[in-house]
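# Breakdown of the fold
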Amino acid sequence: MNIAIITGASSGMGREFAVQLDRCLGKTDEIWLLARSREPLEKLSYSMQTKARVIVIDLTDEAAFKQFEEVLAIQNPKITVLVNCAGTGSHKFFARQSKEEIDAMIQLNITALTRMTMLCLPYMKSGSKLIQVSSGAAFVPQSAFAVYAASKAYVYSLSRALGQELRGRGITVTAVCPGPVNTPFLTHAYEDMSGFGALKRLTMAKTACVVKKAIEDCKIGKSVSTCGLPIKLLYLSTQSVQNVMITCFRV
Ligand SMILES: NC(=O)c1ccc[n+]([C@@H]2O[C@H](COP(=O)([O-])OP(=O)(O)OC[C@H]3O[C@@H](n4cnc5c(N)ncnc54)[C@H](OP(=O)(O)O)[C@@H]3O)[C@@H](O)[C@H]2O)c1
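Numbering of residues starts from 1 in every chain and runs along the sequence as written. Side-chain atom pairs in this predicted model are given and counted only at pLDDT of 80 or more, local residue features only at pLDDT of at least 70, and totals for whole chains, interfaces and linings cover all residues. Side-chain metrics rest on all non-hydrogen atoms present in the structure, leaving aside hydrogens and water.

## A few points about the overall build of the protein
In terms of regular secondary structure, the protein is built from nine helices and seven strands. Radius of gyration means the value over C-alpha atoms here, while the globule rule gives 2.2 Å times the residue count to the 0.38 power. The C-alpha radius of gyration of the protein comes to 17 Å, within 12% of the 18 Å expected for a compact globule of 251 residues. Projected onto its principal axes, the C-alpha positions of the protein cover 45 × 45 × 30 Å. Summed over all atoms, the accessible surface of the protein reaches about 12400 Å², with 58% contributed by carbon and sulfur. Working definition: helices are DSSP H or I runs of at least four residues, strands are E runs of at least two. Numbering for both runs from the N terminus. The protein chains shown are the only cover counted for residues, whose accessible areas, like all others here, come from Shrake-Rupley with a 1.4 Å probe.

Written out as structure tokens, the structure reads:
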């Protein structure tokens, strides 16, 4: 059985990945939709052409992860696409953040994404695609977004290195690095939107555009997906040396 797995599919970009992949994935038997909220996942699953399986899971819960691992072992699917999209952010000075807020970002953005990648890789074969949703915040440290930006720098770095490691297996890895996108993420991250600066408002991208570009880039095996001129310029100005170095360190 060929499947695609999307985490964070109940909302924002994860939901949009499900909608767009549903239209363009060939030879896929099922799309597995993962998040904590059952209702939006079910609603989405009813609207899809491809058979969708709703998996209600808290990716920061060790026991739930273990159950998911067992489901995979029993079904033994071929994972053609894995989209690690679930993520959370909290925009505040580090000293003002609670332990819970910091733990939530590290556990979901770093630990769960790493765990999910480890779990799914044995089921991915030549031609499989791994899409890791990072952020433009990965490119530069950001005050008041310190832990979030650092967590996304982790996702970016992991994805680029994995992309090199998996070349021989024919699996591509694409780090998706958007600037601000109009999803519920922003209202969760910002206590009040006064902290959301004019530049961010001006450069805000549409969910559908970011996801469309990410899918196009993943299809051609691009290692980094950026959408829109401002984020492309940020990427080129901050990562050009790294792009040279990564090929020098290729094993
Ligand atoms: N929006 C932006 O400006 C922006 C910019 C750059 C990168 N990103 C990244 O894009 C990704 C998607 O975010 P979004 O903007 O689409 O935000 P969103 O609409 O808030 O989506 C976040 C998704 O993560 C899921 N999620 C949260 N906690 C979870 C948990 N413990 N276990 C399982 N699923 C969980 C949520 O579902 P439930 O609540 O139902 O679990 C939801 O489906 C994130 O990784 C984010 O960091 C966002």
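## Side note on the environment of Ala-35
Inspection of the secondary structure assignment puts Ala-35 in strand β2 (residues 30–35). Remark: the alpha-carbon pair of Ala-35 and Ala-9, spanning 26 residues in sequence, is separated by 6.0 Å. Two residues form a contact once any of their heavy atoms are found within 4.5 Å. For Ala-35, the contacting residues outside a window of four places in its chain are Gly-8, Ala-9, Ser-10, Leu-41, Ile-55, Val-56 and Ile-57.

## Quick look at the sheet that holds β2
Adjacent strands of a sheet pair through backbone hydrogen bonds, lying either parallel or antiparallel. For two strands to be treated as a pair, DSSP must find at least two bridges joining them. Strand order across the open sheet formed by seven strands is β3-β2-β1-β4-β5-β6-β7, with parallel pairing between neighbours. Both edges of this open sheet fall to β3 (51–56) and β7 (224–225), since each of them pairs with a single strand only. The sheet contact formed by strand β1 (residues 2–7) and strand β4 (residues 78–84) spans five bridges and is parallel. Following the sheet pairing, Asn-2 is matched in β4 by Lys-78. Between N-to-C directions, angles cover 0 to 180 degrees, with each direction set by a line fitted to C-alpha atoms, over the stretch in contact for helices. In the packing of helix α2 (residues 38–46) onto the sheet, the strands contacted are β2 and β3, and the crossing angle to β3 comes to about 175°. Where helix α3 (residues 62–75) meets the sheet, it contacts β1, β2, β3 and β4, and its direction lies at approximately 170° from that of β2.

## A few points about the pairing of β3
The sheet contact formed by β2 and β3 spans six bridges and is parallel. Pairing of Leu-33 across the sheet is with Val-54, part of β3. When the strands point away from the viewer and the path from the first strand over the helix to the second turns clockwise, the crossover is right-handed. Taken together, β2, α2 and β3 form a β-α-β motif whose crossover is right-handed.

## Regarding the state of the cysteines
For the purposes of this analysis, a disulfide is any pair of cysteine sulfur atoms at a distance within 2.5 Å. Scanning the model with the defined rule gives zero disulfides in all. Here Cys-177 is not cross-linked by a disulfide; its sulfur's nearest cysteine counterpart is in Cys-227, at 12 Å. Burial here depends on accessible area, computed with a 1.4 Å probe over protein chains only, as a share of the maximum for the residue type. Under 20% is buried, over 50% is exposed, and the range in between is partly exposed. We classify Cys-177 as buried; its relative accessible area is 0%. The closest cysteine sulfur to the non-disulfide-bonded Cys-218 is located on Cys-24, 8.6 Å from its own sulfur.

## Let's talk about helix α9 (residues 229–248)
The terminal C-alpha atoms of α9 lie 28 Å apart, and with 20 residues this matches the ideal 28 Å at 1.5 Å per residue to within 8%. Largest kink in α9: about 60°, centred on Gln-239. Those residues of α9 that fall on the buried side of the exposure criterion are Ile-231, Tyr-235, Gln-239 and Ile-246. Check the buried side of α9 and you find it contacts α5 (146–166) and β7. Residue count minus one, scaled by 1.5 Å, sets the expected span of a helix. To get the bend at a given residue, fit one axis to the seven residues ending there, fit another to the seven starting there, and take the angle between those axes.

## Observations concerning the site of the ligand
A molecule or strand has a residue near it when one of that residue's heavy atoms lies within 4 Å. The ligand sits among 31 residues. The nearest are Ser-11, Arg-36, Ser-37, Tyr-148 and Thr-183. Between the ligand and Tyr-148 there is a distance of 2.7 Å, counted from an oxygen atom to a side-chain nitrogen or oxygen. When the ligand sits alone it has 880 Å² of accessible area, and the protein chains cover 93% of it. Those elements that place two or more of their residues in the shell around the ligand are α1 (12–24), α5 and α6 (184–189). Throughout this description, a polar contact denotes any pair of N or O atoms lying within 3.5 Å of each other; where both atoms belong to protein, one of them has to be capable of donating a hydrogen while the other can accept it, and for residues adjacent in sequence the pair is counted only when both atoms sit in side chains.

## A few points about unusual backbone geometry
Of note in this structure, Lys-27 is not a glycine but carries a positive phi near 50°. Mapped onto the secondary structure, Lys-27 falls in the loop between α1 and β2. The phi dihedral of Ala-144 falls on the positive side, at around 70°, and the residue is not glycine.

Just geometry here; none of it tells us what the structure is for.
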